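# Results of the structural survey
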Amino acid sequence: MIVVTGAAGFIGSCLVAELNSRGRNDLIVVDHLEGDEDPKKKNLANKRYQRYYDKAEYLKLLKRDQFDFDVECILHIGACSSTTLQDADYFEKNNFEYSCTVAQWALKNNARFIYASSAATYGNGELGYSDDLSLIPRLKPLNLYGGSKQKFDEWVLKNAYQDKMVGLKFFNVFGPNEYHKGDMKSVVSKAYDRVAAEGKMTLFKSYNPKYKDGEQMRDFIYIKDVVAVVMFFMEHASINGIFNLGTGRARTWNDLAHALFAAVGKSPNIDYVEMPEILRGRYQYFTEADMTKLRKAGFTKGFTSLEDAVKDYCSYLSTKRCW
């Protein structure tokens, strides 16, 4: 049995889709859905799994040691990923304490544990983007979301669990199944309809003299590449640690925009707008994953180019379908 938390969300539902494509239907999916009208239900509509648990019920069963399934692996993807939410108590309970409980259950029951960390842990990048474990305690995230992921990474190290599980520091992931994320959707998802209809889109202005408007840089990684890496770690249970998960190549927001215009056959027309005040002091102007450790671990598959990834993603957006 495989457990996927956050299974109705963006990355979780794509993992479920891939597992189904590999003939794995022995899945337990965990999430929180706000009734029948919750848009995330669409992500599970055509997926095959044995049982769904609300995240609160799942947590209670773990704490009471009443989760009586023979679990091979837990893909712990569920978390609040908002970079603007200012509720520290919620992040503490939902992202940190919840993760500790799931991890401890996995260790006690000999289940493989693969969890989602984040490039948000790197803060402004002053220490670079190496996933060397010795650097983790020195990182200073810029927001509460990044802080919650940082705290769990530090908890893993403090308890010497890094050789018993896998943490993946996701960089800028985008792709199908993220339509429900509101302000946390990727720029491609936010801009697609307007670009397709009007041939126009907006990007944030730069407030850093080192970067012109639209020239801020991020390591954009396509969801299908993320899923491939997670499957690699599922298949290689002897490989553990905390790893970066990006492409290893930073690209500009202008590059992303031009790829989107090209995918829909439009000429670029970009308007640079003011960044919300809440983001200006917490904005990452550059991210680029050092992928040395993942490559040394044996993952040799290439990553999809930004242009090819955006083109593939647009084929989903144009038909409003999920993966």
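Higher on the page you've got the structure.
Residues numbered from 1 in each chain as written. Predicted model: local features only at pLDDT ≥ 70, side-chain atom pairs only at ≥ 80, totals over all residues. Heavy atoms only, no water.

### Some points on empty space enclosed by the protein
Rules: With a 1 Å grid spanning the protein atoms alone, the term cavity applies to any set of points in which a 1.4 Å probe fits but cannot get out, the term pocket to an open set with protein on both sides within 12 Å along at least five of seven lines, and the term lining residue to any residue with an atom within 4 Å of a point. Grid points are joined across faces, edges and corners, and a volume is the space filled by probe spheres set on the points.
The tally for this structure, following the rule as stated, stands at one cavity of 30 Å³ or more. Its volume calculated, the largest cavity comes out at about 30 Å³. Along its surface, the largest cavity is lined by Tyr 122, Asn 124, Glu 126, Leu 127, Arg 138, Leu 139 and Lys 140.

### Topic: the packing of aromatic side chains
The criterion, for reference: Each Phe, Tyr or Trp ring, with Trp reduced to its six-membered ring, pairs with another whose centre is within 6.5 Å; inter-plane angles below 30 degrees give stacked pairs, above 60 give edge-to-face pairs, and intermediate values give tilted ones. By the criterion adopted, a ring carries a charge over it if an Arg CZ or a Lys NZ lies within 6 Å of its centre and within 35 degrees of its normal.
Applying the stated criterion across every chain yields a total of 22 aromatic pairs. Taken together, the aromatic side chains of Tyr 53, Tyr 58, Phe 67, Phe 69 and Trp 105 make up a single cluster linked through ring pairs. In this structure, Lys 151 is placed above the aromatic ring of Phe 96, and the distance from its NZ or CZ to the ring centre is 4.6 Å. The ring of Phe 243 carries the charged tip of Lys 293 above its face, separated from the ring centre by 5.4 Å.

### A word on the pairing of strand β4 (residues 73–76)
This is how it is decided: For every residue, the accessible area (1.4 Å probe, protein chains only) is compared with the maximum for its type, and the residue is labelled buried under 20%, exposed over 50%, or partly exposed between those bounds. A run of H or I in DSSP becomes a helix once it reaches four residues, and a run of E becomes a strand once it reaches two; helices and strands are each numbered from the N terminus. Paired strands, as defined in this entry, are two strands with at least two bridges between them according to DSSP. By convention, a crossover is right-handed whenever its connection, traced from the first strand over the helix to the second and viewed with the strands pointing away, goes clockwise.
Where burial is concerned, the two faces of β4 agree: the one with Cys 73 and Leu 75 and the one with Ile 74 and His 76 are both buried. Alignment of strand β1 (residues 2–5) against β4, held across four bridges, turns out to be parallel. Bridged to Thr 5 within β4 is His 76. Bridge count between β4 and strand β5 (residues 112–118): four bridges; the pairing is parallel. Looking at the pairing, Cys 73 lines up with Arg 112 of β5. Taken together, β4, helix α4 (residues 88–108) and β5 constitute a β-α-β crossover, and its handedness is right-handed.

### Thoughts on the environment of Asn 20
In plain terms, the rule: Contacts: residue pairs with any heavy atoms within 4.5 Å of one another.
Secondary-structure assignment places Asn 20 in helix α1 (residues 10–21). Linking Asn 20 and Ile 270, residues 250 residues apart in sequence, is a C-alpha distance of 39 Å. Contact partners of Asn 20, with chain neighbours within four places excluded, come to Asn 25, Leu 27, Lys 47 and Arg 48.

### Remarks on the side chain of Ser 148
To keep things clear, this is the line we draw: Here a polar contact is recorded for every N or O atom pair within 3.5 Å, except that within protein the pair must consist of a potential hydrogen donor and a potential acceptor, and residues adjacent in sequence are included only if both atoms are side-chain atoms.
Looking at where Ser 148 falls in the secondary structure, it is placed in helix α5 (residues 144–158). A residue is classified by how much of its surface remains accessible, and Ser 148, at 7% relative accessible area, is buried. There is a polar contact of 2.7 Å between the side chain of Ser 148 and the backbone oxygen of Tyr 145. With sequence-adjacent residues up to four places away left out, Ser 148 is seen in contact with Phe 91 and Asn 95.

### Focus: the sheet that holds strand β11 (residues 241–245)
Rule in force here: The convention used is that axes are lines fitted to C-alpha atoms, helices contributing only their stretch in contact, and that angles between N-to-C directions extend from 0 to 180 degrees.
Spatial strand order, β3-β2-β1-β4-β5-β6-β11: seven strands in an open sheet with parallel pairing. With partners counted over all chains shown, the strands left at the sheet margins are β3 (51–54) and β11, one partner each. Adjacent strand axes in the sheet meet at a mean angle of 20°, parallel and antiparallel pairs treated alike. The sheet contact formed by β5 and strand β6 (residues 166–170) spans five bridges and is parallel. Each bridged residue has a counterpart across the sheet, and for Ser 118 the counterpart in β6 is Phe 170.

So far we have only geometry, and geometry alone does not tell us how the molecule works.
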